[in-house]
Amino acid sequence: MSVLVINAGSSSIKYQLVNPDNSEVIVSGLAERIGEEMGHIDHTHDGETTSLDLPIADHKAGLQKILELFDEFGPHLGPETVRAVGHRVVQGGRYFDKAALIDDEVQKLIEDLIPLAPLHNPAHLSGIKVARSLLPDIPHVAVFDTAFFQGLPDEAATYALDREVAEKYSIRRYGAHGTSHQYVSAKVAEFLGRDDLKQIVLHMGNGASASAVVNGHAVETSMGLTPLEGLVMGTRTGDIDPAVVFHLARVGGMSIDEIDTLFNRGSGLKGLTGSNDMRDVQDGYAAGDKDATVAMEVYVHRLLKYIGSYTAVMGGLDVLTFTAGVGENSSAVRALVGERLASLGVKIDEEKNEVRSREPRVISTDDSRVKVLVVPTNEELAIARQAMDIIGA
Ligand code: AMP
């Protein structure tokens, strides 16, 4: 029995058919450039990828084509093969502190949350509607990126903003990447064989976020109302003085939409160096390139600020874990962070840090006061497992 995991973006549908018990990925794929003149689908089954160029009018046409590909290459998707469909949803607001079986009411709540996630929730909603109509005999489950952080203490979730304004517009810190932080922090506890841990998880991918987790519960996270707050990311600023917005509007004559695009798509590593890929930044840093050096220093400095403050908030730190594209693959960034945390009792073992693996592993020395781990994240598997939990399978 498998779970179909769907992550519908505004112009794309990412999907995976996964066995939640043994983590096997049976089929994976991506339909992209939906709504454009020419679209594209990559559909991978049995290690082989079928690539198609074709116009994909909308999410319905995209999902129909994907189902046809399943029919052609197997397995046919139906209640006899698929136990549940798990949908990734970025914003669950105050409504959802865990995944939810989708009915018309849940669908309506996801719709009500559109103002808080104008780029994401409309696309998820359209993916959910289409999938429910094409696969009506399978239960559909929404898995929210914000759910793990719904239990954040008020002092971590509250902005020091006028209370009435914040309430009226539902402004608070919701966090994001929760599925990954929950999966990774639980893996750490399982791997170390104990739950009573003060953990920091650094999810460093193209998007990046940090979380502080005490005994399995999130107590802090770096993303806020939206995934713009916090760490330096591939194309996002992360933390920035909000007055920069006023300045760019008043002095630079920029519109709110232009500033939004600048902060979300034209900043971070890309804004500082021209590339959002950490591999390019690392190469430039190693070669002594000035912009790459500044970018790397800013990136690492921001990480240190979060690690330090979360250690203070938790009153200590047992485990620091790196995950996602940069966290899992960049021994160079891990080494830089590790070196500068010596005062917290962090010691990274150079040899262990260079090991490449898809398995969770310790990279600190035996006498390091803080254990440092690399744990590959797997959001699709986490979504599949949460979907199975919700349907009680
Ligand atoms: P993700 O969003 O988790 O898929 O991570 C994507 C990011 O991981 C890319 O932007 C790359 O910068 C980064 N990445 C992937 N492989 C490496 C590597 N070997 N070294 C440094 N960064 C990497």
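Provided above is the structure to which this section pertains.
Now for a look at the structure at hand. Sequence order as written defines the numbering, with residues in each chain counted from 1. Totals for whole chains, interfaces and linings use all residues, but because this is a predicted model, local features are given only for residues with pLDDT of at least 70 and pairs of side-chain atoms are given and counted only at 80 or more. With hydrogens and water set aside, each side-chain value is computed from the structure's full complement of heavy atoms.

Okay, the environment of Leu202 next. Helical segments are the DSSP runs of H or I of at least four residues, strand segments are the runs of E of at least two, and each set is numbered from the N terminus. Counting through the fold element by element, Leu202 comes out in strand 9 (residues 198–204). Note on Leu202: relative accessible area 0%, which makes it buried. For the pair Leu202 and Gly230, spaced 28 residues apart in sequence, the C-alpha to C-alpha distance is 11 Å. Note on contacts: a residue pair qualifies if any of its non-hydrogen atoms lie within 4.5 Å across the two residues. Excluding residues that lie within four positions of it along the chain, Leu202 makes contacts with Ser209, Ala210, Leu303, Ile307, Leu320, Thr321, Phe322 and Thr323. For every residue, the accessible area obtained with a 1.4 Å probe (protein chains only) is divided by the maximum for its type, and the residue is called buried under 20%, exposed over 50%, and partly exposed between those limits.

Relative to the helices and strands, Glu328 is located in helix 12 (residues 324–329). Given a relative accessible area of 11%, Glu328 falls into the buried group. Polar contacts here mean pairs of N or O atoms no more than 3.5 Å apart (in protein, one a potential hydrogen donor and the other a potential acceptor; neighbouring residues in sequence count only if both atoms are side-chain atoms). Among the polar contacts listed, one links the side chain of Glu328 to the side chain of Arg358, at a separation of 3.1 Å. If we ignore the near neighbours within four places in the chain, the residues touching Glu328 are Thr323, Arg334, Arg358, Arg361, Val374, Val375, Pro376 and Thr377.

Residue proximity to a molecule or strand is established when one non-hydrogen atom of the residue lies within 4 Å of it. Surveying the vicinity of the ligand reveals the residues Gly205, Asn206, Asn276, Asp277, Met278, Arg279, Gln282, Ala324, Gly325, Val326, Asn329 and Ser330. Interatomic distance of 2.9 Å between a backbone N/O atom of Asn206 and an oxygen atom of the ligand. Between Gly325 and the ligand, the recorded distance is 2.9 Å, taken from a backbone N or O atom to an oxygen atom. All accessibility values rest on the Shrake-Rupley procedure with a 1.4 Å probe; residue burial counts only the protein chains present in the view. Compared with its free state, where it exposes 500 Å², the ligand has 70% of that area covered by protein. For the shell around the ligand, the secondary-structure elements that each account for two or more residues are helix 10 (278–286) and helix 12. When residue character is reported, Ala, Val, Leu, Ile, Met, Phe, Trp, Tyr, Cys and Pro are called nonpolar, Asp, Glu, Lys and Arg charged, and the others, Gly included, polar. Of the residues contributing to the shell around the ligand, the split by class is three nonpolar, seven polar and two charged.

Residue Gly74 is joined to Pro75 through a cis peptide bond whose omega torsion reads -10°. For Pro75, the position within the fold is in the loop between helix 1 (59–73) and strand 6 (82–89). Phi angles above zero are rare outside glycine, and Ser23 is one such case at about 70°. In this fold, Ser23 is placed in the loop between strand 2 (12–18) and strand 3 (25–32). A positive phi angle is found at Ser170, which is not glycine, with a value near 55°. You can see Ser170 is positioned in the loop between helix 5 (163–168) and helix 6 (178–192). Residue Ser170 is classed as partly exposed on the basis of its relative accessible area, which comes to 36%.

Charged atoms that come close allow side chains of opposite charge to pair. Any Lys or Arg side-chain nitrogen found within 4 Å of a carboxyl oxygen on Asp or Glu counts as a salt bridge. For the structure shown, the criterion picks out 13 salt bridges. The shortest N-O distance in the salt bridge between Arg173 and Glu220 comes to 3.3 Å. On the criterion of sequence distance, the pair formed by Arg173 in the loop between helix 5 and helix 6 and Glu220 in strand 11 (residues 217–221) is long-range, its members being 47 residues apart. For Arg173, a relative accessible area of 6% translates into the label buried. The exposure class assigned to Glu220 is buried, which follows from its relative accessible area of 16%. Through salt bridges with shared partners, a single network forms among Arg173, Glu220 and Glu229.

Strand pairing requires that DSSP identify at least two bridges connecting the strands. Ordered in space as 11-10-9-12-14-13, the six strands form an open sheet in which the pairing is mixed. Two strands bound the open sheet, and with one partner strand each, they are strand 11 and strand 13 (361–362). Pairing of strand 9 with strand 12 (residues 319–323) involves five bridges; the strand directions are parallel. Residue pairing across strands places Gln199 opposite Val319, the latter belonging to strand 12. Running over the sheet, helix 11 (residues 290–314) touches strand 9, strand 10 (208–214), strand 11 and strand 12 and is turned about 155° from strand 9. Only the contacting stretch of a helix is used when fitting its axis, a line to C-alpha atoms as for every element, and angles between N-to-C directions run 0 to 180 degrees.

All right, on to a negative patch on the surface then. Only residues above 30% relative accessible area that lack a salt bridge enter a patch, with like-charged residues linked at up to 9 Å and the nonpolar side chains Val, Leu, Ile, Met, Phe, Trp and Tyr linked at up to 5 Å. His is not counted, nor are the chain ends; Lys and Arg add positive charge and Asp and Glu add negative charge. For this purpose, a charge sits on NZ of Lys, CZ of Arg, CG of Asp or CD of Glu. Taken together, the side chains of Glu339, Glu350, Glu351 and Glu354 define an acidic patch exposed on the protein surface. If one sorts the elements of the negative patch by residue count, helix 14 (residues 350–354) sits on top with three residues. Tracing the backbone through its elements, the reader meets Glu339 in helix 13 (residues 331–339). Of the residues examined, Glu339 reaches a relative accessible area of 57% and is grouped as exposed.

Right, let's get into the environment of Lys65. Residue position: Lys65 is located in helix 1. Spatially, the C-alpha atoms of Lys65 and Ile41 are 9.0 Å apart, while their sequence positions differ by 24 residues. Look past the residues within four positions of Lys65 in its chain and what remains in contact with it is Ile41, Leu52 and Leu54.

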